[in-house]
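# A look at the structure
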Amino acid sequence: MTGLLIFLGIFVALIVWGISIRNNIVRYFNATKRAWSEVANFERQKVKTLEALEATLDQYTQFEKSTLEKVTELRQQILNLNVNDTDISQLQQIEKMSKELIRSLNVVVENYPELKADALYSKMMDDIQEQNENVGAAITIFNRNVELFNNQIEVFPNNLINTLTLSKKAIRPFKDNLATENFDYKPNF
């Protein structure tokens, strides 16, 4: 009778141990999925900033194009101003164009305060840089979770429990091929 109780105790302990291993595999798999979601989330945030930057730069480009045309026309009129011959009408035309350009600049800046380009552009570039850093950190966390998960399903006896109950496959970690191509050091493993 004691032998049967010992056998049943060992059997129950093995079942509990197997369930514990299975649950750990599931936890690591879910942590890996969550980490990947964070990577995708940071990328989506970056896309939103890039879309805003694109719209702003498009407005700025339109602003720049018309302003550049006005500036070029004004500059050409000034260059065509005959220094030897006093042509008041030409000077009046230049002054009129100058005032229109200044008025146009003031209206555009009032209508598009975000087009104070240097500060806005710098801020957006800083935002993109910060988001790139966030993505890099999220990828590091993801790769660490991938490593932990892959270790969970590949080590013995966890691999047996995985094969019998879950059949989870190893997850490939993120690898930046461009960065590794430009990196001279190659470990020997």
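Rules behind the numbers
- Residues numbered from 1 in each chain as written.
- Predicted model: local features only at pLDDT ≥ 70, side-chain atom pairs only at ≥ 80, totals over all residues.
- Heavy atoms only, no water.
- Helix = DSSP H or I, 4+ residues; strand = E, 2+ residues; numbered from the N terminus.
- Buried < 20%, exposed > 50% of the residue type's maximum accessible area, 1.4 Å probe, protein only.
- Contact = heavy atoms within 4.5 Å.
- Core = buried A, V, L, I, M, F, W, Y, C linked by side-chain atoms within 4.5 Å.
- Arc of directions from axis to C-beta.
- Patch = residues over 30% accessible without salt bridge, like charges linked within 9 Å, V, L, I, M, F, W, Y side chains within 5 Å.
- Areas by Shrake-Rupley, 256 points an atom, 1.4 Å probe, with all protein chains shown as cover.
- Salt bridge = Lys/Arg side-chain N within 4 Å of Asp/Glu carboxyl O.
- Polar contact = N/O pair within 3.5 Å; in protein donor to acceptor, adjacent residues only side chain to side chain.
- pLDDT = per-residue confidence, 0-100.

Another aspect to go through is the overall build of the protein. Counting secondary structure elements, the protein contains five helices and zero strands. When the elements of the protein are put in sequence order from the N terminus, they spell out α-α-α-α-α. Residue burial in the protein is summarised as follows: out of 189 residues, 23% are buried. Long-range contacts, defined as pairs at least 24 residues apart, comprise 76% of the intrachain contacts of the protein with a sequence gap of at least 6.

This part takes up the nonpolar core. Within soluble globular proteins, side chains that are nonpolar generally end up buried alongside one another. By size, the foremost hydrophobic cluster in this structure holds eight residues: A35, V39, F42, V135, A138, I139, F142 and V146. Where this core is concerned, the elements lending two or more residues are α1 (2–80) and α3 (117–154). Per-element tally for this core: the top contributor is α3, with five residues. Among residues more than four places away in sequence, those in contact with V135 are F42 and E43. Residues I21, F29, I153 and I161 belong to the second largest nonpolar core, which totals seven residues.

Before going further, it helps to examine helix α4 (residues 158–166). Structural remark: α-helix, 3.6 residues per turn; residues separated by three or four positions point the same way. Buried within α4 are the following residues: N158, I161, N162 and L166. The buried residues of α4 occupy one face: seen down the axis, they fall within an arc of 100 degrees. For α4, the exposed residues set more than 90 degrees away from the buried face come down to T163 and L164. Residue S167 follows α4 closely and has a positive phi angle near 60 degrees.

The grouping of M1, L4, L5, F7, L8, F11, V12, I15, V16 and I19 at the surface amounts to a nonpolar patch, some 1,000 Å² of accessible area in total. Taking relative accessible area as the criterion, F7 reaches 54% and is therefore assigned exposed.

Assignment of secondary structure puts N145 in helix α3. Using a relative accessible area of 12% as the deciding quantity, one classes N145 as buried. Not counting chain neighbours up to four residues away, the residues in contact with N145 comprise A31, T32 and A35.

A few words on the side chain of N158. Assignment of secondary structure puts N158 in helix α4. Among the polar contacts listed, one links the side chain of N158 to the backbone oxygen of Q152, at a separation of 3.1 Å. The residues touching N158, leaving out its near neighbours within four places in the chain, are I21, I25, Q152 and I153.

Moving on, we get to the pattern of salt bridges. This structure, assessed with the given rule, holds one salt bridge. A salt bridge links R144 to E147; the nearest nitrogen and oxygen atoms lie 2.8 Å apart. Of this pair, R144 and E147 both sit in helix α3, three residues apart, roughly one helical turn. Residue R144 is classed as partly exposed on the basis of its relative accessible area of 43%. On the basis of relative accessible area, E147 is assigned to the partly exposed category, the value being 39%.

Before going further, it helps to spend a moment on unusual backbone geometry. A cis amide bond links F156 with the next residue in sequence, P157, at an omega value of 5 degrees. Looking at where P157 falls in the secondary structure, it is placed in the loop between α3 and α4. For S167, which is not a glycine, the phi torsion comes out positive at approximately 60 degrees. Position of S167 relative to the elements: it lies in the loop between α4 and α5 (177–181). On the accessibility criterion, S167 (43% relative accessible area) is partly exposed.

This part takes up the confidence of the model for the protein. Put simply, the protein has an average pLDDT of 77, and 62% of its residues get 70 or more. Of all the helices and strands in the protein, helix α2 (residues 88–111) carries the lowest mean pLDDT, 64, while α4 carries the highest, 93.

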